[in-house]
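For reference, the chains in residue letters:
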Amino acid sequence: MAAAIVDGGRLLAAQRAGPPAMAGGWEFPGGKVDPGESDHEALIRECQEELGVGIAVGDRIGGDWPLSPGYVMRVWLARLTSGVPHPHEHLALRWLAPDELFDIAWLPADLPIVRVVRDLIPEG
């Protein structure tokens, strides 16, 4: 699962550190759901671990977004509740205004979600 973190009319993007085939590509922060966790609990935990921030999880964006065979991604809008994002597990982070969303090389699985999120970003 992943978070489309929006703050001040901008979307947070995270640059992958690995594996090699994905390194350097941009994605929504998030990760896997651990046994016994809800999707929301996992998303809150992942954002704390990966970014050092607290988030409030909002509406789900679409349904199950396909990844590699047998895997899907679920994405929620989110807003920061505490902390300033730092790339603990990524190469870099970028805040992107709606007109900058396609200035970076999104991973192929994330790109269709970016197109949907663009219309959900409120003006700063």
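Residues numbered from 1 in each chain as written. Predicted model: local features only at pLDDT ≥ 70, side-chain atom pairs only at ≥ 80, totals over all residues. Heavy atoms only, no water.

This part takes up helix 1 (residues 39-51). Here helix 1 contains 13 residues, and its C-alpha end-to-end distance of 17 Å stays within 8% of the 18 Å for a straight helix at 1.5 Å per residue. Those residues of helix 1 not exposed but buried are A42, L43, R45, E46, C47, E50 and L51. Each element contacted by the buried residues of helix 1 is listed here: strand 1 (2-7), strand 2 (10-15), strand 4 (54-66), strand 5 (72-82) and strand 6 (92-96). Backbone geometry just downstream of helix 1 places G52 in the positive-phi region, at approximately 75°. (Helix = DSSP H or I, 4+ residues; strand = E, 2+ residues; numbered from the N terminus. Expected span 1.5 Å × (residues − 1). Buried < 20%, exposed > 50% of the residue type's maximum accessible area, 1.4 Å probe, protein only. Contact = heavy atoms within 4.5 Å.)

This next bit is on the side chain of E46. Inspection of the secondary structure puts E46 in helix 1. On the basis of relative accessibility, which here comes to 9%, the residue E46 falls in the buried class. Within the structure, E46 has its side chain in polar contact with the side chain of R45 (distance 3.2 Å). Excluding its chain neighbours within four sequence positions, the residues that come into contact with E46 are M1, G30, G31, K32 and L51. (Polar contact = N/O pair within 3.5 Å; in protein donor to acceptor, adjacent residues only side chain to side chain.)

Residue P19 is reached from G18 by a cis peptide bond, and omega for that bond is -5°. With respect to the helices and strands, the residue P19 is situated in the loop between strand 2 and strand 3 (26-27).

Moving on, we get to the environment of P108. Within the element layout of this structure, P108 appears in the loop between strand 6 and helix 2 (111-118). Take P108: its relative accessible area is 67%, and that puts it in the exposed class. Put simply, P108 and R16 are 92 residues apart on the chain and 13 Å apart in space, counted from C-alpha to C-alpha.

Let's shift gears to the UniProt feature "domain: Nudix hydrolase" (unreviewed entry) in the chain. Residues annotated in UniProt with the feature "domain: Nudix hydrolase" (unreviewed entry) correspond here to residues 1-121. For residues 1-121, the end-to-end C-alpha separation is 19 Å, with 17% helix and 36% strand making up the annotated structure. (UniProt positions renumbered as here; feature names shortened; annotations may be inferred.)

Between side chains of opposite charge, a pair can form when the charged atoms approach closely. Scanning all chains against the criterion turns up 8 salt bridges. R45 is paired through a salt bridge with D34; the nearest N and O atoms lie 3.4 Å apart. Here R45 is found in helix 1, whereas its partner D34 is found in the loop between strand 3 and helix 1, with 11 residues between them in sequence. By relative accessible area, R45 is classed as buried at 19%. (Salt bridge = Lys/Arg side-chain N within 4 Å of Asp/Glu carboxyl O.)

Note that strand 4 and strand 5 share 8 bridges and pair antiparallel. Paired with I55 across the strands is L80, a residue of strand 5. Two successive antiparallel strands, strand 4 and strand 5, enclose a turn made up of 5 residues, where G70 displays a positive phi of approximately 90°. (Pairing = 2+ DSSP bridges.)

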